[in-house]
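Chain by chain, the residues:
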Amino acid sequence: MLDTSLIALVETQAERLERLSAELFENHTLLVASNRGPVEYQVSDRGIEGQRGAGGLVTAVSAINRYVSPRWVAAAMGDGDRQMASAAGGVAIHWANDNSQFDLRFVTVDKEVYNAYYNTISNPLLWFLQHYMWDAPRTPVIDRQVWDAWDSYKQVNAAFADILCQEAALAPNAPIIMLHDYHLYFCPQLLRERGLPPGSCVTFFLHIPWPGPDYWALLPHPMRREILTSLCQCDILGFQTQRFLRNFLNTCLAYLPETDIDYAQQCITLNGQTVQLKTYPISIDVRGLMALANSDEVRSYRQRLRAYTGDQTIVRIDRVEPSKNIVRGFHAFEQLLETYPEYRGRVKFVAILVPSRLGVEEYQRYLEEIMIVAGWINTRYGSEEWQPVELVVGDNYARAVAAMQLYDVLMVNPIIDGMNLVAKEGVTVNEKSGVLILSEGAGAAEQLSDQALIVSPSDIIGTMEALRTALEMPIPERHARATALQEQVAREDLSMWLAHQFHDIKLFLQADGGTVEHIEISAEHA
Ligand code: F6P
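*Asks:* What am I meant to see in the sheet that holds strand β10 (residues 260–262) here?
*Replies:* Within a sheet, neighbouring strands are paired by backbone hydrogen bonds and run either parallel or antiparallel to one another. Strand order in the open sheet made by the 10 strands is β5-β6-β4-β1-β7-β8-β9-β12-β11-β10, with mixed pairing throughout. The open sheet has two free edges, formed respectively by β5 (93–96) and β10, since each of these has just one partner strand. Across this sheet, the average inter-strand angle for adjacent strands is 25 degrees, counted without regard to direction. Bridge analysis of strand β1 (residues 28–34) against strand β4 (residues 71–75) gives 4 bridges, and the strand direction is parallel. Bridging across to β4, V32 finds its partner in W72.

Set out below in structure tokens:
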């Protein structure tokens, strides 16, 4: 649990952000756009019910709501969303629960068009590319179907741009438009083409990695040029890490020779528009998470999960996602039980897995692979009284938080990951001074590498040795590392992620002759 000085620090940071937002949004209206929205409507026997959208993007961006109430434009992903959108008839839906409230506009397109945009282009084509997941001698295969889906991707982006422009025109003040993630690569350019009110600002934050130029060569030349050209139409373009930002500069150098690239200032000019590149490592809402961690709901899940724990417990929490490297993580555990039999019967591995993107074949296959490897370990090393691996499948955030409180070792070993918020959530709520095993491929490694045990994601033996080091680590060292990690995350929590973006927007608007003046620059920005 966090000590009181860290809680005070987080509160001070939040207060600063509150002041910054109040001044920034006195004269501006905030529009947010992302594929998945803050609420998803499901059709059930009881009618249509809304529930909080899943995933790191929604969790992080929803926290904006503590400081300003944005209009959020999101895709109608399922039938419930579509029905709500059609009932609203082009007007924003007001969503409110205990913690947040939004005005939500759904973007509705033909189901087949949406399917091609989401299940062919966004995931897998772009997602696999940006996580280095293609098997280059064989995939991707850019055939007629993919080119047609590329048109659908543009069509969905155009539908987003139309609604954003409507909202921008209706907004009482000049809009600040914050675009999120790889689903919306064409929006910056489409917004410029359609025209925005004077004093607007367009930002884009990429939640996932940006690979180096050679890997982008797997995408046909016109596709990659179109993406780059559009992203250069933003005012501010944010990445999770310096590594991804540098990769972007290098990709523009390689494929957009007509740009003027300033490596020192980290900006790019194309056709008279200059985009400023920035890094904003995404983080967690420490206060909100602590409140949930202390709730009765989490306490009751913690009780139930104790039945799954051993003398020591390794935990992992992931979407069922090939880039999360779940199968190699199990192989490392298998090696541990094989090489050091003294752990059999004593150490458990609890994997909390959230099914994801089952419309994409690779994700279905990956879930099957996970089941097979976990079953194999339980058969080979388990007994009637004891099984080494517990798989808990389902989307239940409170249960995941409870599992994070219980670990002795948290395994976060993605092949590559934009950030990985589980690493940050885990160290914040854990109650056992547990050890974090972290892949060098996770964006979080740029911040947490000093106190985590860093592993190469492909290295089963290295990961097994890290597991052993973690399990054998003396308590004082565990405690020192866990405390330092908590402090690191608290210092750079979600309010800092937002504060840095709002601060840069403010500077942009001032330089652009905008209306924001006299905004306090807090110590950490000065
Ligand atoms: O940025 C990646 C992200 O959008 C995160 O929000 C989340 O981890 C995941 O992808 C969710 O993906 P989807 O919306 O396709 O389920």
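This is not the end of the story, as more comes after the structure.
*Asks:* I would appreciate a short explanation of the environment of Q265 in the present structure.
*Replies:* Within the secondary structure, Q265 is located in the loop between β10 and β11 (267–270). Considered as a pair, Q265 and V373 are 108 residues apart in the sequence and their alpha carbons are 48 Å apart.

*Asks:* Explain the packing of aromatic side chains to me, please; I cannot follow it from the model alone.
*Replies:* For any pair of aromatic rings, geometry is given as the distance between the ring centres together with the angle between the planes. Applying the stated criterion across every chain, the model contains 23 aromatic pairs. On the basis of an interplanar angle of 80 degrees and a centroid distance of 5.3 Å, the ring pair of F205 and W497 is categorised as edge-to-face. Highlighted residues: F205 in strand β8 (residues 201–205) and W497 in helix α19 (residues 494–511), separated in sequence by 292 residues. Comparing F205 with W497 shows no difference in burial state: the two are buried. Over the aromatic face of Y397 sits the side chain of R52, whose NZ or CZ is 5.5 Å from the ring centroid. Across the ring face of Y340, the terminal group of R468 is positioned such that the distance to the ring centre comes to 3.9 Å.

*Asks:* Can you walk me through the pairing of strand β6 (residues 101–107) in this structure?
*Replies:* A regular strand carries its side chains on alternate faces of the sheet. In terms of burial, β6 is largely enclosed, as 5 of its 7 residues are buried. With 4 bridges connecting them, β5 and β6 associate as antiparallel partners. The partner of W95 across the bridge, within β6, is F102.

*Asks:* Before we go on, may I ask you to explain unusual backbone geometry in this structure?
*Replies:* In this structure, the amide linkage connecting N123 to the following residue, P124, adopts the cis form with an omega of 20 degrees. Residue P140 follows T139 across a cis peptide bond; omega there is 0 degrees. Positionally, P140 belongs in the loop between α4 (111–130) and α5 (144–170). One non-glycine residue, R357, lies in positive phi territory at about 45 degrees. The topology assignment puts R357 in the loop between β14 (347–354) and α13 (361–381). Residue S433 is not a glycine yet carries a positive backbone phi of 50 degrees.

*Asks:* Can you walk me through the sheet that holds strand β18 (residues 453–455) in this structure?
*Replies:* With respect to topology, 6 strands assemble into an open sheet ordered β15-β14-β13-β16-β17-β18, the strand pairing being parallel. One side of each edge strand has no neighbouring strand; the edge strands of this open sheet are β15 (389–393) and β18. When the angles between neighbouring strand axes are averaged without regard to direction, this sheet yields 20 degrees. Note that strand β13 (residues 312–319) and strand β16 (residues 409–412) share 2 bridges and pair parallel.

*Asks:* For this particular structure, what's the right way to read the pairing of β14?
*Replies:* With 8 of 8 residues buried, β14 is to be regarded as a mostly interior element. In terms of strand pairing, β13 meets β14 through 8 bridges, oriented parallel. Note that in β14 the partner of Q312 across the bridge is V347. Considered for its hand, the β-α-β crossover made up of β13, helix α12 (residues 326–339) and β14 is right-handed. Two elements, β14 and β15, share 5 bridges in a ladder whose sense is parallel. Residue pairing for β15: L353 is matched across the bridge by V393. Note that the unit made of β14, α13 and β15 has a crossover that is right-handed.

*Asks:* Help me out: how do you make sense of the site of the ligand in this one?
*Replies:* The environment of the ligand is formed by R36, G55, G56, L57, Y118, N123, W127, D181, H207, I208, R319 and R357. Within the backbone of G56, an N or O atom sits 3.4 Å from an oxygen atom of the ligand. Expressed as a share of its isolated accessible area of 390 Å², the protein-covered part of the ligand is 86%. By residue number, the principal contributor to the shell around the ligand is α4, which donates 3 residues. Of the residues assigned to the shell around the ligand, the class counts are 4 nonpolar, 4 polar and 4 charged.

Definitions and cut-offs
Residues numbered from 1 in each chain as written. Predicted model: local features only at pLDDT ≥ 70, side-chain atom pairs only at ≥ 80, totals over all residues. Heavy atoms only, no water. Pairing = 2+ DSSP bridges. Helix = DSSP H or I, 4+ residues; strand = E, 2+ residues; numbered from the N terminus. Axes fitted to C-alpha atoms, helices over the stretch in contact; angles between N-to-C directions. Phe/Tyr/Trp six-rings, centres within 6.5 Å; stacked < 30°, edge-to-face > 60°. Buried < 20%, exposed > 50% of the residue type's maximum accessible area, 1.4 Å probe, protein only. Lys NZ or Arg CZ within 6 Å of the ring centre and 35° of its normal. Right-handed = clockwise from strand over helix to strand, strands pointing away. Near = heavy atom within 4 Å. Polar contact = N/O pair within 3.5 Å; in protein donor to acceptor, adjacent residues only side chain to side chain. Areas by Shrake-Rupley, 256 points an atom, 1.4 Å probe, with all protein chains shown as cover. Nonpolar A, V, L, I, M, F, W, Y, C, P; charged D, E, K, R; others polar.

Functional significance is not addressed by these values, which are geometric in nature.
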